[in-house]
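# Analysis of the macromolecular model
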Amino acid sequence: MQVKSYLLEDIKSIKGKYWCYKKPLKSEVDFIKNKYNIPTILANILVNKIKEKDVASYLQPSFKKNLPDPNILRNMDKTIDIIIDIISKKKKIGLLGDYDVDGATSSAIIFQYFKEINIDTEVYIPDRAKDGYGISSNSVNYFIKKKIDLLIALDCGSNDVKSIDYAKNNNIEIIVIDHHEIKTPGTPLSIINPKHKKDNSGLDILCTAGLSFLFIIALNRKLRNKNFFTEESEPDLKKLLDIVAIGTICDVVPLKTINRLLVKKGLEVININPNNGIEVLRKKLNLNAKITASDLAYYLGPCINAAGRVGNSKLGFNLLTKDNKELLEGIADKLIFNNKERKTLENMMYEEAKKLTDKNSKNNFIFLASKNWHPGIIGIIASKLLENYNKPAFVISIDNNIATGSVRSLKNIDISKVLEKIKEEGYIETGGGHAMAGGFKIKTNMIDELGNYFKNNNKMFTYKEDNKIMVDVVTAIDEINLSLIEKIEKLEPFGIGNKEPRFALKNIKAIYSRIIGKDNKHISCVLEDIYGNKLKAVAFNSTENNISKALLEKKKIHVLGKIKINEWLEKKVLQFLIEDLIIL
């Protein structure tokens, strides 16, 4: 589709960005509008977002038309044959899931499926501090004691050479289902990883929860073909989609094609007939309205994730697999408490990290280490530093002779390659991850040496900054209403790879502005245009930048942000979430 792009205003915004708007051709908008019977505003957004041939599957994705055959994944057929052989011989199966949400949900998906077909499994969720990431000797020893014959490693294992050999030497075969980059592959019995160089599935955007769902689809199909369900009732796989959706959203994979399909269908399950644990947690969090992807990302997901950060790492998995309501109530309470504890630690650590960062602002990277920082929180701190300083951030928690590090990077700098290089040169003991996120172990006496290495190679963190921000819709206050919101909801779920539309309002001023929030970090105001039309708005975390100043001083501005419905006391109120401003 041909789209003309131009600057909305030849002035930099408060955040130092030029607002860029792609104005689609009217003929293309009309074609999409008429063919798919959708409003003009949606047609405008879709012309800029996707190709015309993908519009139908985007608006109405279905499993029948859009779910790929699981067997296009390398080794899927082989893996299924192994599992069926293990089941037929009544051998014992173990599940090892990573301690994050993707690991917990992946383990829960496969555990619940095996439970449905009366296959008992032993599950081990590693402790972040004691076991570390991946297949550890501790976890293998656990399965040795349980006399496990086959171990399925989930969201880890792609690079665990020594641990896989250790397991094999103790008569435990390993299957790996993972989506991390493969740097030093071991020799498991089978590995399903779409990032393997010989995998041609094109499904490398999937997280392990998505891969686990495809795994049980393939297994279920093969069992059906072998008449396994003549005595056993065939499980309803779709009821596990709410768990798949949480894992997919919280692992921040692109919400495109199959991922968007899985999340969209998973949200339908959550809002109609959810997993028992999810429903208990939802009620305790007072999430009474229709659950959206944002609720998974900012409320439900962080509670499940908190278990792997500061609590009992198996609690998240337990929430998703237990049936007893009283037990689930207790688990949910613990997870909510863990998440509050995580937030407290996060705020304390981030304030200290900001002060240290401001003292060393000359570098193109951030490199911080402390004995006071919890290893389960450093990834969050690295993410916040990256967001606020726009630099790759390395954050290290020191514990005696070995320290744990977490790093977050910009899309222009592949941090997995950086970790690979410093591992080869002997600065870190272990390390790996994705292009924009990773973790590592480092000897305490090597921390200063690594910091100096980065300083001497400061150029490795240079990149060409993108100083443009895209506007999806230029509109006016009197055009924003509940009907518009309902139309935009057709484009959900939103997230990475399917961003929520940004709206620009021109020639506005803020009235009735005030500072809100227990930490006085936010601004609440009413936006007013030249015709006297008004719209409630909020600018979160704005008192630390010039957005608050412009709003409080009632300057004439253009406003960029998103439109939401704020539900309070059973009333729906339109609210504009301010992201950026241009002062006129």
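This text gives an overview of the structure that appears in the document. (Residues numbered from 1 in each chain as written. Predicted model: local features only at pLDDT ≥ 70, side-chain atom pairs only at ≥ 80, totals over all residues. Heavy atoms only, no water.)

When helices and strands are tallied, the protein shows 20 helices and 19 strands. Here the C-alpha radius of gyration of the protein, 25 Å, is about what a compact globule of 584 residues would show, namely 25 Å. Expressed as lengths along the three principal axes of its C-alpha atoms, the size of the protein is roughly 75 × 60 × 50 Å. For the protein, the residues scored as buried account for 52% of the 584 residues in total. Across the protein, contacts joining residues at least 24 apart in sequence account for 64% of those joining residues at least 6 apart. For the protein, the exposed surface amounts to about 28,200 Å²; the carbon and sulfur share of it is 47%. Side-chain charges of the protein comprise 91 positive and 72 negative groups, with the mean position of each set lying 3 Å from the other. (Helix = DSSP H or I, 4+ residues; strand = E, 2+ residues; numbered from the N terminus. Rg over C-alpha atoms; globule rule 2.2 N^0.38 Å. Buried < 20%, exposed > 50% of the residue type's maximum accessible area, 1.4 Å probe, protein only. Contact = heavy atoms within 4.5 Å. Areas by Shrake-Rupley, 256 points an atom, 1.4 Å probe, with all protein chains shown as cover. Lys, Arg positive; Asp, Glu negative; His and termini not counted. Charge placed at Lys NZ, Arg CZ, Asp CG, Glu CD.)

Time to look at the sheet that holds strand β4 (residues 121-124). Spatial ordering of the open sheet is given by β4-β3-β5-β6-β7, a layout of five strands whose pairing is parallel. Pairing within the sheet leaves two strands with one partner each, and these edge strands are β4 and β7 (190-192). Here the strands of the sheet are splayed against their neighbours by 20° on average, with no regard to which way each runs. As defined by bridge partners, strand β3 (residues 93-97) adjoins strand β5 (residues 150-154) across five bridges and the pair is classed as parallel. Considered in β5, the bridge of I93 is made with L150. Sitting on the sheet, helix α6 (residues 101-116) touches β3, β4, β5 and β6 (173-177), and the angle it makes with β3 is about 160°. (Pairing = 2+ DSSP bridges. Axes fitted to C-alpha atoms, helices over the stretch in contact; angles between N-to-C directions.)

The next subject is the packing of helix α5 (residues 76-88) against helix α9 (residues 208-225). Here α5 crosses α9 at 60°, and the two axes come no closer than 10 Å. One way to sum up the angle between α5 and α9 is to call them oblique. Classified by chirality, the crossing of α9 by α5 is right-handed. Residue-level contacts link M76, D77, T79, I80, D81, I83 and I84 of α5 to L214, F215, A218, L219, K222 and L223 of α9. Here the contact of α5 with α9 is built from residues that sort into nine nonpolar, one polar and three charged. (Parallel < 35°, antiparallel > 145°, perpendicular 65-115°, else oblique. Left-handed = near helix turned anticlockwise from the far one by under 90°. Nonpolar A, V, L, I, M, F, W, Y, C, P; charged D, E, K, R; others polar.)

The quantities given are spatial measurements derived from coordinates; they are silent on function.
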